[in-house]
Amino acid sequence: MSCWALIPVKAPGLGKTRLASALDPDEREALVSGMLRHVLDTVRGCRAIRRVCVLGPARPNLGSGVLRFDDPGPDLNGALESTVSAITAAGPERILVLPADLPCITAADIERLVDLPHDALGIAPDRHRTGTNALSLPLPAGIWFPFSFGQDSFSTHCESAINRGLTVETILSCGLEKDIDDPLDLADAVRVLRRVYNPAIDGWPRPGGRKRPG
Ligand SMILES: Nc1nc2c(ncn2[C@@H]2O[C@H](COP(=O)(O)OP(=O)(O)OP(=O)(O)O)[C@@H](O)[C@H]2O)c(=O)[nH]1
Ligand SMILES: O=C(O)[C@H](O)COP(=O)(O)O
C-alpha cells in the first residue's frame, strides 16, 4: 500500500487567530510551528507513509524530503481538492489529510488511518464529534472529494463518502481528537510543546489564559 500524507498549514503569522485573546502573535506562531513540527516528525517516523507533503506558503524548517505545494486557494477546501487531484496523478493508493494543529497525534494514530480496507474512507472527529481532524482517502476513488472543513464537517464528510460508494471507518482516538482551536484547548498543546519543542512557552498557560501584560 502506497500512502501519502498531506498537511495544510497557513502562512507564517496567519494561523490560530482564535487564540489571539490568549497569545501574542509571536507565541501563536511558535505554537503553530511547534505543532507542525510534531505532526511532521510523527508522520515521518511512520514507515507506512511513502511521501510527506505540506500544502501552504513557504515556511522555514520543513525539513528534508517534504514536498510542498503552493496554496492554490480559494480556501482550504478548494486548495485540498486541487492538491489531492495533482497528487493522485503520482499514483498513491491512499492519502491522509492531517491538519497541522494536532499536538497529541501518535504513530499508532497514523497507522490506524493507513490500515483500512481499500474502499474505506477513514475519518477522525474532533473532541466535540462535530469537526474533522483527519481524513484517510482511498485513491483514485477519492479524487475530487468535496472537502467540507468548517462547520459540522464530520457529518458532511461521512455523507459525501457514502454518496461515493465508500464505506466509512470512524477512528476515535485521544491523539486525533485534540486539535487546538480556542484558548481552552491550549492545555493539550502545552503538555507536548513545553516538553519537546519550545522552551519559550514554558510559562503557558498563563493564569487566566490571558496575554502577557504590555
Ligand atoms: N494551506 C492552507 N491551510 C489552511 C487554510 N485554512 C486553514 N489551514 C490550515 O488547516 C488547519 C486547520 O485549520 P484551523 O483549525 O482553522 O486553524 P487556523 O486557520 O490556523 O485557526 P484560526 O485562524 O483560529 O481559524 C491548520 O493547520 C491551518 O493552518 C488555507 O486556506 N490554506
Ligand atoms: O471540521 C472541521 O472543519 C475542522 O475541525 C476544522 O474546524 P476548526 O477550524 O474548528 O478546527
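The shown structure was predicted, so the numbers you read here are calculated from the model rather than taken from an experiment.

Colleague: I'd like a description of the nonpolar core, backed by residues and values.
Modeller: Counting 27 residues, the largest nonpolar core has I7, V43, I49, L96, L98 and I110 as its most contacted members. Taken together, the elements giving at least two residues each to this core come down to β1 (3–8), α1 (25–44), β2 (49–55) and α3 (107–114). At five residues, α1 tops the list of elements feeding residues into this core. Setting aside its immediate chain neighbours within four residues, V43 contacts A5, I7, I49, V52, L98 and I110. If you look at the next biggest cluster of nonpolar residues, it comprises 23 residues, including W4, V97, L135 and L139.

Colleague: If you had to explain the site of ligand 2 to someone new, which residues and values would you point to?
Modeller: Near ligand 2 you find R18, G131, T132, N133, F149, G150, S153, D179 and D181, and these make up its full shell. Note that an oxygen atom of ligand 2 is positioned 2.8 Å from one of the side-chain N or O atoms of R18. Take D179: an N or O atom from its side chain is 3.0 Å from an oxygen atom of ligand 2. Considering ligand 2 on its own, with 300 Å² of exposed area, one finds that the protein chains cover 76% of that surface. Across the shell around ligand 2, the residue classes tally to one nonpolar, five polar and three charged.

Colleague: An account of the site of ligand 1 is needed here, citing residue identities and associated values.
Modeller: Near ligand 1 there are 16 residues, and of these K10, K16, T17, R18 and D71 occur at the shortest range. K16 places a polar main-chain atom, nitrogen or oxygen, 2.8 Å from an oxygen atom of ligand 1. R18 places a polar main-chain atom, nitrogen or oxygen, 2.9 Å from an oxygen atom of ligand 1. Split by residue class, the shell around ligand 1 holds six nonpolar, three polar and seven charged.

Scoring rules and cut-offs
Residues numbered from 1 in each chain as written. Chains lettered and ligands numbered in written order. Predicted model: local features only at pLDDT ≥ 70, side-chain atom pairs only at ≥ 80, totals over all residues. Heavy atoms only, no water. Core = buried A, V, L, I, M, F, W, Y, C linked by side-chain atoms within 4.5 Å. Buried < 20%, exposed > 50% of the residue type's maximum accessible area, 1.4 Å probe, protein only. Helix = DSSP H or I, 4+ residues; strand = E, 2+ residues; numbered from the N terminus. Contact = heavy atoms within 4.5 Å. Near = heavy atom within 4 Å. Polar contact = N/O pair within 3.5 Å; in protein donor to acceptor, adjacent residues only side chain to side chain. Areas by Shrake-Rupley, 256 points an atom, 1.4 Å probe, with all protein chains shown as cover. Nonpolar A, V, L, I, M, F, W, Y, C, P; charged D, E, K, R; others polar.

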